[in-house]
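# Structural characterization, general
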Amino acid sequence: MAQAITDKDGVKRYLITLNVNGDAHTVLVKGNAILTNVLRDQLDLTGTKKGCELGDCGSCTVLLDGKPVDSCLVLAVEADGRQITTIEGVAANGRLDEIQQSMINHAAVQCGYCTPGMVLSAKALLTRNPNPSEQEVREAISGNLCRCTGYVHIVEAVMATAQGRVTPDDH
Amino acid sequence: MSDNHSVIGRSVPRIDGPEKVSGAAKYTGDLKFPNMLYGKILTSPHAHARILSIDTSEAERLPGVKAVITHKDVPTLKYGLSPARWDESIFCSDKVRFVGDKVAAVACLDEDTCYKALKLIKVEYEVLPAVLDFLHAMDEGQPQVHEEYARNINTEIHQEFGDVEKALAEAHHVRTDTFVGQRTYQSPIEPHSAISMWDGGKLTIYSSTQSPHYFQHYIAREFDMPMGDVRIIKPYLGGGFGGKLEPTGLEFAGAVLAKLTGRPVRTFYDRAEMFAHNRGRHAQYMEITTGVDKNGKILAAKANFLMDGGAYTSLGIASAYYAGALLPLTYEFDNYQFDMFRVYTNLPACGAQRGHGAPQPKYAFESHLDNVAADLGIDPMDIRIINARRPNTVTPNDFRVNSCKIKECLERVRVMSDWDEKKKNLPLGRGIGVATGSFVTGAGYPIYRTDLPHAAAFIKVCEDGTAATLYTGSVDIGQGSDTVLCQMAAEAMGYRYEQMKIVAADTEITPLDFGAYASRQTYMSGAAVKQAGEEVKRQVLEMASVMLGLPAEDLDCADGQIFSKSRPGKSLSFEEVARKHFVLRGPLLGRGSYTPPKLGGNFKGAAVGTSPAYSFGAQVGEVAIDEETGEITVVGIWDVHDCGKVINPRLLHGQVHGALYMGMGEAVWEEVLFDDKGRIKNAELANYRLLTAVDMPPITSEVVDSYEPSGPWGVKEVGEGATNPTLGMFSNAIFDAMGVRVNSLPLSYEKVWRALKEKREREEDEARRKPEARRAEAPLETDGAMPVYANPS
Ligand code: FES
Ligand code: FES
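Since we're looking at a predicted model, the values are computed, not measured.

A separate point is the confidence of the model for chain B. Do not read the predicted coordinates in detail wherever pLDDT is low. All names here are of chain B. Chain-level pLDDT for chain B is 95 on average; 97% of the residues reach the 70-or-more range. In the model, residues 777-793 has pLDDT below 50 throughout and makes 31 contacts with residues more than four positions away in sequence or in other chains. Interface predicted TM-score (ipTM) for the complex: 0.98; the corresponding pTM is 0.95.

The following block contains the structure:
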């Protein structure tokens, strides 16, 4: 259990450790602080977006121990000691991941607000199931709302990545 | 079409792609400034109430609260987007007009304190009777939303062209239908936010806006400042669809809070507040009458509409005009009458949403046209081809159409969708529908009266020629304009897209552009960019002419290479020439601007809907209806557009997909619902029902070969136009599947189920009375004969 500190007004805060993209961060959070806000406001990892804070849009998706979750529905204290991957941790050593490159090449990005969450959901799917059917892709990203693309190019981008090519024919 | 372009016409990857996929792209709500405060607006819990008193003292005493403001602390000048009706205030002073109307605001050290402080502001209200039903808002004795607008009439329009009564009297067949469209909301995934700060007398606002220029103009006006002292910066923007075009109140409240505290203030809406702020599509009642000859040729049309404006005008005057003005675009007829009332109600104000004003009237007209075709026994595709507008024609309301390939779109989509086969053979319960659409390529006139150009651009070539930066006031809200404009700049300069940079939408750095609305950017901003690029190219060729000792007329430049037209061996790289230019002549810069020609007739409202060019399109959709549940499965959608020259095919099709997505949502699911107190019942994305990836059917989109003579390289719009046919297309497909029409949007499963049930009861009733009729008619139930359609995969 995380160490609790009570301030002079009687408000309790918890000292927790978040392992984000391989880095351990020790932060002091209120019991009701959502993971999205702690990532964005305390760790400055603003790649995790906020679109609803109700679990509806998926723009706050992060991987918690490898599984995609809406970080607005996760209390920061729940994530204490666990492994978190945010969009900032997907590209390695300055090189975009294949799924990221595929999203760009397929024009699967428009306003880009859903994109970080979409990339993480897709990445989790491909890790778990490297050879998904189109229906499986659609299901995997169905918690990520995109108002711009109609999902057509996003699904193409994920399917193409699974098939080992990140560039569409019409490129 | 064979062409010799080196950059445009290619699906180059988005210029902002790497930043967006990596999470590096900063949107307004991602920005942080030292010493920043959080601001929140207190809104009305009542649809209509008089404000008796506001007591902020307790909120002010809360630790962490830095400022509390009400109408007493802000300018009282009324504002709005339509200068014809400025009727909004930063905060309400006398009364509130909808649930969510703005009353006060706080600035605090953190978000939590804001919510606590809002609770401590005591507002005493006298609740007034409210007008919630727009169909009765004009009735005698209804409460008045605004004292100065009798019978709650915000605007009324009466236009007549030709002789409608005569044409109807002479028509072979006349039919009237009525339809109702619902209130929908843009629902961009990024919520609205703004960060305001002062530096002496200068105000800077970072904002999620579709138009920094209109913000700058309206904020300067509100605070009585010179425009030069207001700077609007648009960071990355997470969608807009019309919902981020006008000041939201966040900027006004934020600016005042920032001034009082001397600190940057971030103000923002959460999802529910976004719904309350609304400005989405108007609910409307639409009656349409058409007279046709025996072949189905339209002789006259009459539109009689009523719109629910909500509590304020927003862009609604334009929406009202657009609703009627764009109707005669896709089909040719000479006699047209349009009557419209936009009424005030105690609900959130409506404004401009993708396809501004046009999609619902198109739904009504396209559904109506299918009814007319059915009356005459004409194929729905044929009746559209018979009436399709031809190029180089003028609409009865004086819109000049240059390029127009609506007929080709219909012919192509007929083949793609296998229309003729399906029309004959689809079983009951499965149907196919067609509809057309068209839209402006930029509005012919600005929103407020001004003679400023609509778009402008600079290009600065880096001193050693290895990069060029485009400076534009245009706004990439996701549609990809930054990418497309860089392609256009590179093409015009004879340069490479890969070496382009862009600085966009910062009123202090970039030249004026009206922004992202009315589908204007590729065309209007593109025209300015082309001009700027050509100015750079001219200077480069002049310099090269000196360097090569050849006349400039003999030189050309493409893809970063300067070459002689007469002597193939003679060439120079763009880089070396640009560098030389900087050494000898100083900065290598290009400038451009665009002002549309004078457009439209002289009647009242003639300006709305005018555009230098119009796009056209046709869509076919196939649906399967489950008769037990009314469930609609979309089997496929085929879309063909005439959008002129295509600059970036992948981005273009992405626009079509997105437009179809929005149209499909509006056709079947989306609707903002209110309770009997005027409170939104579904102010969340889940219950408003945005479609997910599993809800989307397969989409096939194509373009016809087209060239718009007035546009840069022949371009026209596509992003909004592709929403216009969709509602009508679904209406017609569902009609075809069931043989009965649902006359109101959304065409929900429940309404479909009810319509089928009523039809069945009617038929059973008739059959009981006329037993012999039973054998003559095909049974409605197919006893499991309907094939099962899996979800698209
Ligand atoms: S912000 Fe978490 S799901 Fe929308
Ligand atoms: S790209 Fe805009 S929400 Fe998905």
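Picking up after the structure, the text goes on.
Take the packing of helix 3 (residues 115-128) of chain A against helix 5 (residues 152-162) of chain A next. Residues and elements named next belong to chain A. Helix 5 packs onto helix 3 with a crossing angle of 35° between their chain directions and a minimal axis gap of 11 Å. As for the relative orientation of helix 3 and helix 5, their crossing is right-handed in sense. Two secondary-structure elements touch here, helix 3 through Met118, Ala122, Leu125 and Leu126 and helix 5 through Ile154, Val158, Thr161 and Ala162. Among the residues forming the contact of helix 3 with helix 5, the class breakdown is seven nonpolar, one polar and no charged.

Burial of nonpolar side chains together is a common tendency in soluble globular proteins. Counting residues in hydrophobic clusters, the biggest one holds 186 residues, and the most contacted among them are Met103(A), Tyr151(A) and Met738(B). Sorting elements by how many residues they give to this core places helix 16 (residues 649-668) of chain B first, with nine residues. Among the nonpolar cores identified, the runner-up in size contains 48 residues, and Leu485(B), Ala492(B), Ala544(B) and Leu555(B) belong to it.

Residue and element names in this part refer to chain B. Look at the link from Leu745 to Pro746: it is a cis peptide, with omega at -10°. Tracing the chain through its elements places Pro746 in the loop between helix 18 (726-738) and helix 19 (749-769). Although it is not a glycine, Ser314 sits at a positive phi angle of roughly 50°. Here Ser314 shows up in the loop between strand 14 (298-310) and helix 8 (316-325). Here Trp713, not a glycine, exhibits a phi torsion of approximately 55°, which is positive. Summarising the element assignment, Trp713 is placed in the loop between strand 28 (699-703) and helix 18.

With that out of the way, let us pick up the pairing of strand 5 (residues 102-108) of chain B. Residues and elements named next belong to chain B. Counting buried residues in strand 5 gives seven out of seven residues, a clear majority hidden from the surface. As paired elements, strand 3 (residues 65-69) and strand 5 share four bridges and run antiparallel to each other. Looking across to strand 5, one finds that Ala67 is bridged to Ala107.

Let us look at the domain arrangement of chain A. Quoted interface sizes are often the accessible area lost when the parts come together. All names here are of chain A. Along its sequence, chain A is carved into domain 1 (3-89) and domain 2 (98-162). Centre-to-centre, using C-alpha coordinates, domain 1 lies 24 Å away from domain 2. The partner domain 2 presents eleven residues to the 16 residues of domain 1 that form the contact. Sorting the residues of domain 1 by area buried against domain 2 places Lys49, Thr61 and Ile87 first, and these three jointly supply 40% of that buried surface. On inspection of domain 1 and its partner domain 2, the count reaches zero salt bridges. Joining domain 1 to domain 2, the criterion identifies five residue pairs in polar contact (both at pLDDT 80 or more). If one sorts the elements of the side of domain 1 that touches domain 2 by residue count, strand 4 (residues 61-64) sits on top with three residues.

So, about the UniProt feature "domain: Aldehyde oxidase/xanthine dehydrogenase a/b hammerhead" (unreviewed entry) in chain B. This chain's UniProt record puts "domain: Aldehyde oxidase/xanthine dehydrogenase a/b hammerhead" (unreviewed entry) on residues 22-129 of chain B. The span residues 22-129 of chain B is 15% helix and 31% strand, and its two end C-alpha atoms sit 52 Å from each other.

Glancing now at the domain arrangement of chain B. Residues and elements named next belong to chain B. By the assigned domains, chain B splits into domain 1 (17-25 + 454-594), domain 2 (31-128 + 190-238 + 244-277) and domain 3 (283-444 + 605-769). Using C-alpha coordinates to define each centre, domain 2 is positioned 37 Å away from domain 3. Taken together, the 19 residues of domain 2 in the interface contact 22 residues of domain 3. Interface area, domain 2 with domain 3, both sides summed: about 1700 Å², of which 62% is carbon and sulfur. For the domain 2 face of the interface with domain 3, the top three residues by lost area are Asp87, Arg97 and Phe275, together amounting to 32%. Seen at the junction of domain 2 and domain 3, the total is zero salt bridges. Along the contact surface separating domain 2 from domain 3 lie eight residue pairs in polar contact (both at pLDDT 80 or more). Within the side of domain 2 that touches domain 3, the residues separate by chemical class into nine nonpolar, three polar and seven charged.

Conventions adopted
- Residues numbered from 1 in each chain as written.
- Chains lettered and ligands numbered in written order.
- Predicted model: local features only at pLDDT ≥ 70, side-chain atom pairs only at ≥ 80, totals over all residues.
- Heavy atoms only, no water.
- pLDDT = per-residue confidence, 0-100.
- Contact = heavy atoms within 4.5 Å.
- Axes fitted to C-alpha atoms, helices over the stretch in contact; angles between N-to-C directions.
- Helix = DSSP H or I, 4+ residues; strand = E, 2+ residues; numbered from the N terminus.
- Left-handed = near helix turned anticlockwise from the far one by under 90°.
- Nonpolar A, V, L, I, M, F, W, Y, C, P; charged D, E, K, R; others polar.
- Core = buried A, V, L, I, M, F, W, Y, C linked by side-chain atoms within 4.5 Å.
- Buried < 20%, exposed > 50% of the residue type's maximum accessible area, 1.4 Å probe, protein only.
- Pairing = 2+ DSSP bridges.
- Domains from an automatic or database assignment.
- Buried area = accessible area lost by both parts, 1.4 Å probe.
- Salt bridge = Lys/Arg side-chain N within 4 Å of Asp/Glu carboxyl O.
- Polar contact = N/O pair within 3.5 Å; in protein donor to acceptor, adjacent residues only side chain to side chain.
- UniProt positions renumbered as here; feature names shortened; annotations may be inferred.

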